[in-house]
Amino acid sequence: MTDIEIRDALLRGDEEVTMKFFFTECKPLFYNIIRRVFSYDVDYDECINEFYIHIMEDNGKRLRQFRGDRENSIFKWIMVVAIRYFIKNRNQVIDNNSKAPLNKKKDVELMCNTESSIDANIDVTTLLEKMPNKRYALVIRRLVLEDAEPEVVAEELGISVANLYNLKRRALAAITLLTLDKIK
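Residues numbered from 1 in each chain as written. Predicted model: local features only at pLDDT ≥ 70, side-chain atom pairs only at ≥ 80, totals over all residues. Heavy atoms only, no water.

Quick notes on the nonpolar core
Part 1 of the argument: Ranked by size, the top nonpolar core spans 32 residues in total, and within it Phe30, Phe51, Ile78 and Phe86 carry the most contacts.
Part 2 of the argument: Of all elements in the fold, only helix 1 (3-12), helix 2 (15-25), helix 3 (27-37), helix 4 (44-64) and helix 5 (74-88) reach the threshold of two or more residues within this core.
Part 3 of the argument: Looking at this core, the element that brings in the most residues is helix 5, giving 9 residues.
Part 4 of the argument: Beyond its immediate sequence surroundings of up to four residues, Ile78 is in contact with Phe21, Leu29, Phe30, Phe51 and Ile55.
Part 5 of the argument: Formed by 16 residues, the second largest nonpolar core is a distinct cluster that contains Val139, Val153, Ala154 and Leu157. (Core = buried A, V, L, I, M, F, W, Y, C linked by side-chain atoms within 4.5 Å. Buried < 20%, exposed > 50% of the residue type's maximum accessible area, 1.4 Å probe, protein only. Helix = DSSP H or I, 4+ residues; strand = E, 2+ residues; numbered from the N terminus. Contact = heavy atoms within 4.5 Å.)

Some details on the environment of Ile140
Part 1 of the argument: Within the secondary structure, Ile140 sits in helix 8 (residues 134-145).
Part 2 of the argument: The spacing of Ile140 and Leu167 is 27 residues in sequence and 9.4 Å in space, taken between C-alpha atoms.
Part 3 of the argument: Sequence-distant contacts of Ile140, that is, excluding residues within four places in its chain, are made with Leu128, Met131, Leu145, Ala171, Leu172 and Ile175.

So, the packing of aromatic side chains
Part 1 of the argument: Across all of its chains, the model carries 14 aromatic pairs by this definition.
Part 2 of the argument: Ring plane angle 35 degrees and centroid distance 5.4 Å describe the contact between Phe21 and Phe75, whose orientation is recorded as tilted. Taken together, the positions of Phe21 in helix 2 and Phe75 in helix 5 put the pair 54 residues apart, joining distant regions of the chain.
Part 3 of the argument: A residue is classified by how much of its surface remains accessible, and Phe21, at 1% relative accessible area, is buried.
Part 4 of the argument: A residue is classified by how much of its surface remains accessible, and Phe75, at 32% relative accessible area, is partly exposed.
Part 5 of the argument: When the centroid spacing of 5.4 Å and the interplanar angle of 65 degrees are considered together, the rings of Tyr85 and Phe86 count as edge-to-face. (Phe/Tyr/Trp six-rings, centres within 6.5 Å; stacked < 30°, edge-to-face > 60°.)

Printed below as a string of structure tokens:
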């Protein structure tokens, strides 16, 4: 589906697209944002439900603002809106009393510079979208940003773990060159 088709399906209330989009496709993105914004454990489903209500208020007024231009994917748009929403409402989300924490790591340093970390994540996401080799971008996204296990990513790509590490090395070299070109 194109970004506009996803937006329109969400606006129509297509339950299948909504569940797949928010609870599968955007899940790593939301986990990353939640982990960085909240200094306490929160319930993923509760956060996403509140965010969904936020973008669907007034007959989807906020979601209708997404235009699907060449510069912004729906994932990038959702990321920016979610970051702003969660930062603004970080003290209003109820903590999770369950024994299973959302955060895999309790790393205080991750919470110290939340906004600068989020800005850096947006910059990296933008760079990844501009990479000509989408396979390189996928490897960086899965291994570095989403912290996926190498064995899982290698299986997804149908390659050995050793080849994955070679691919990661080339991908990091490519994004470094892209970054240097952007600085010039």
